[in-house]
Amino acid sequence: MIDAAPTGTARAPGYIGYHRSDRAVARLRRRYARERRFKTYGLVAVLIAMGMLAFILVDIVSKGYSAFVQTKVELEVFLDPAELDAGGDRAALMGANYQGLANEALYRLFPEATDRRERRALRDLLSPAAGYELREMVLDDPGLIGQTVAVALTLSDQVDQHHKGRTGSGLSDDQIAAYERLEEAGLVAARFNTAFFTSADSRDPEMAGIWGAVKGSFFTLLVTLAISFPIGIAAAVYLEEFAQRNRLTDFIEVNINNLAAVPSIVFGLLGLAVFIQTFGMPRSAPLVGGLVLALMTLPVIIIAARAALKAVPPSIREAALGMGASPLQTVLHHVLPLAMPGIMTGTIIGMARALGETAPLLMIGMVAFIVTPPSGFTDASTVLPVQIFIWADSPERAFVERTSAGIMVLLAFLIAMNGLAVWLRKRFERRW
């Protein structure tokens, strides 16, 4: 506070100073009040954002955690040799009526159900997966043929939803009564849903899994990384270390920055027009999906790599050149290794963005219904975000929890990738 009269003026009786006048004090109070309000607004905005994020996460988890368990029933199944004895022929064993054997085991628990309507209601309690589970068990050990085995078989999605306490499961009164009898007998239990992680897509919710989509995402991201990483680093090194500053390089830099903000669906249209329609590459293939995502990821990697190269102090370059190293040796042996942690961080963030993309892959046909996991880069495939989109569009109620569970798995991958990027930055980044 200045407690003095302006220069050249005499201090008048009762003078309190220019900055201690009533008007100055009022201005200070208003300024401090505005600052407090601004801080309050910022805190409220952060709390609202965190509340919305928490609401979304709680909603997803509350709907999706139940997909990790599946309702099963313990049945005594007689593996009838008349149905399964194929003389060691594996092809005949694969084509046997295993679902019928599971149905017969269920009928024996309800001897009073003799007419077709009652038996059909019982059959509908079992999932088609029950037959496949019996088939895999027999194929693994054909010596079980002729024996009565206790096996836990998957129940239908309607029974699964009813067991999990969701109203409106679609079961009839007779089916609910049959389910309650099975539950009272201790034959119904919820077990960990391994099929969700080992199966591909299916029309039946209880048989649908994410393994096919995970493999498709893996192949797609592998192609993306193999193309975008070396090209992105090479472009960044050239633009930052060797390119002359002229209109051409300025034009290239501006367009790289613009491409980073282009909507992703534009890259999908580009891939559809160039890779599929012009070059005739297969639709729904990880190869094409990886090429499209590589085009989308390149600007992000180039920008991150240039920023990492620019952060290396000029003294490193000057010292290397002073010791007789060539410009190329200086970059490859000194500058690039020091910039690599930042480059890797930007690359992982770009790959995480590519993992979560849906729109460009829809344009090249990766929205197909795939029941067999891909085994190569040219096989028909889908990816995890598109699989979630497909399930979200399905009418069966059980697909709601599959959709939320798929989102949880995708978020886990994204959090892991971003966590790895943060760890790399903290672990290897140097402060100059």
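Rules used throughout
- Residues numbered from 1 in each chain as written.
- Predicted model: local features only at pLDDT ≥ 70, side-chain atom pairs only at ≥ 80, totals over all residues.
- Heavy atoms only, no water.
- Core = buried A, V, L, I, M, F, W, Y, C linked by side-chain atoms within 4.5 Å.
- Buried < 20%, exposed > 50% of the residue type's maximum accessible area, 1.4 Å probe, protein only.
- Helix = DSSP H or I, 4+ residues; strand = E, 2+ residues; numbered from the N terminus.
- Phe/Tyr/Trp six-rings, centres within 6.5 Å; stacked < 30°, edge-to-face > 60°.
- Lys NZ or Arg CZ within 6 Å of the ring centre and 35° of its normal.
- Pairing = 2+ DSSP bridges.
- Axes fitted to C-alpha atoms, helices over the stretch in contact; angles between N-to-C directions.
- Contact = heavy atoms within 4.5 Å.
- Salt bridge = Lys/Arg side-chain N within 4 Å of Asp/Glu carboxyl O.
- Expected span 1.5 Å × (residues − 1).
- Bend = angle between axes of the 7 residues up to and from the residue.
- pLDDT = per-residue confidence, 0-100.
- Parallel < 35°, antiparallel > 145°, perpendicular 65-115°, else oblique.
- Left-handed = near helix turned anticlockwise from the far one by under 90°.
- Nonpolar A, V, L, I, M, F, W, Y, C, P; charged D, E, K, R; others polar.

Draft legend 1. Main features of the nonpolar core. Of all hydrophobic cores here, the largest spans 39 residues; its most connected members are Phe196, Ile210, Leu361 and Ile364. Secondary-structure elements contributing two or more residues to this core are helix H10 (211-242), helix H12 (264-278), helix H13 (286-311), helix H15 (327-355), helix H17 (384-392) and helix H18 (398-428). Looking at this core element by element, the count peaks at eight residues for H18. In terms of nonpolar packing, the next biggest core, distinct from the first, is built from 33 residues, Leu79, Tyr98, Ala113 and Leu134 among them.

Draft legend 2. Local environment of the environment of tyrosine 132. Here tyrosine 132 is to be found in helix H6 (residues 129-140). For tyrosine 132, a relative accessible area of 44% translates into the label partly exposed. Linking tyrosine 132 and asparagine 97, residues 35 residues apart in sequence, is a C-alpha distance of 9.8 Å.

Draft legend 3. Just the packing of aromatic side chains, in detail. This model, assessed by the stated rule, comprises eight aromatic pairs. Aromatic side chains phenylalanine 68 and phenylalanine 197 sit 5.8 Å apart centroid to centroid with 10° between the ring planes, which places their arrangement in the stacked category. Of this pair, phenylalanine 68 sits in the loop between helix H1 (22-64) and strand S1 (69-78) while phenylalanine 197 sits in helix H9 (residues 195-198); the two residues are 129 residues apart in sequence, bridging distant segments of the chain. For phenylalanine 68, a relative accessible area of 17% gives the class buried. Between the NZ or CZ atom of arginine 119 and the centre of the ring of tyrosine 107, over which it lies, the distance is 4.2 Å. Taking the ring centre of phenylalanine 369 as reference, the NZ or CZ of arginine 203 above it sits at 3.8 Å.

Draft legend 4. Region of the structure containing the sheet that holds strand S2 (residues 148-154). Spatially, S2-S1-S3 is the arrangement adopted by the three strands of the open sheet, whose pairing is antiparallel. Two strands bound the open sheet, and with one partner strand each, they are S2 and strand S3 (188-192). Sheet twist, expressed as the mean angle between neighbouring strand axes with direction ignored, is 40°. The pairing of S1 with S3 spans five bridges and is antiparallel. Looking at S3, one finds that lysine 72 is bridged to alanine 189. Set on the sheet, helix H4 (residues 98-108) makes contact with S1 and S2; between it and S1 the angle comes to about 85°. Most of the contacts of H6 go to S2, to which it runs at about 140°, and overall it touches S1 and S2.

Draft legend 5. The pattern of salt bridges, seen in detail. Applying the stated criterion across every chain, the model contains 16 salt bridges. The partner of glutamate 136 in a salt bridge is arginine 135, with the nearest N and O atoms 3.8 Å apart. On the accessibility criterion, arginine 135 (19% relative accessible area) is buried. For lysine 164, the salt bridge identified is with aspartate 160, shortest N-O distance 2.9 Å. The class for aspartate 160 is buried, based on a relative accessible area of 1%. Via salt bridges that share partners, Asp160, Lys164, Arg166, Glu401 and Arg402 belong to a single interconnected network.

Draft legend 6. Highlighting H13. Compared with the 38 Å implied by 1.5 Å per residue over 26 residues, the 35 Å span of H13 between its first and last C-alpha is a close match. Of all the bends in H13, the greatest, near 35°, is centred on threonine 297, and the proline proline 299 appears no more than four residues after it.

Draft legend 7. Region of interest: the confidence of the model for the chain. Across the chain, pLDDT averages 89, with 94% of residues at or above 70. Contacts for the low-pLDDT stretch residues 1-5, under 50 throughout, to residues beyond four places or in other chains number 15 contacts.

Draft legend 8. Local environment of the pairing of S1. Here S1 runs beside S2; their pairing, made up of seven bridges, is antiparallel. Across the sheet, leucine 75 pairs through a bridge with valine 151, a residue of S2.

Draft legend 9. Spotlight on the packing of H12 against H13. One way to put it is that H12 packs onto H13 with a least axis distance of 9 Å and a crossing angle of 130°. Comparing the axis directions of H12 and H13 gives the class oblique. Where H12 crosses over H13, the handedness of that crossing is right-handed. On H13, the residues touching Ser264, Phe267, Gly268, Leu270, Gly271, Phe275 and Ile276 of H12 are Val288, Leu291, Val292, Leu295 and Met296. Taken together, the residues of the contact of H12 with H13 break down into nine nonpolar, three polar and no charged.

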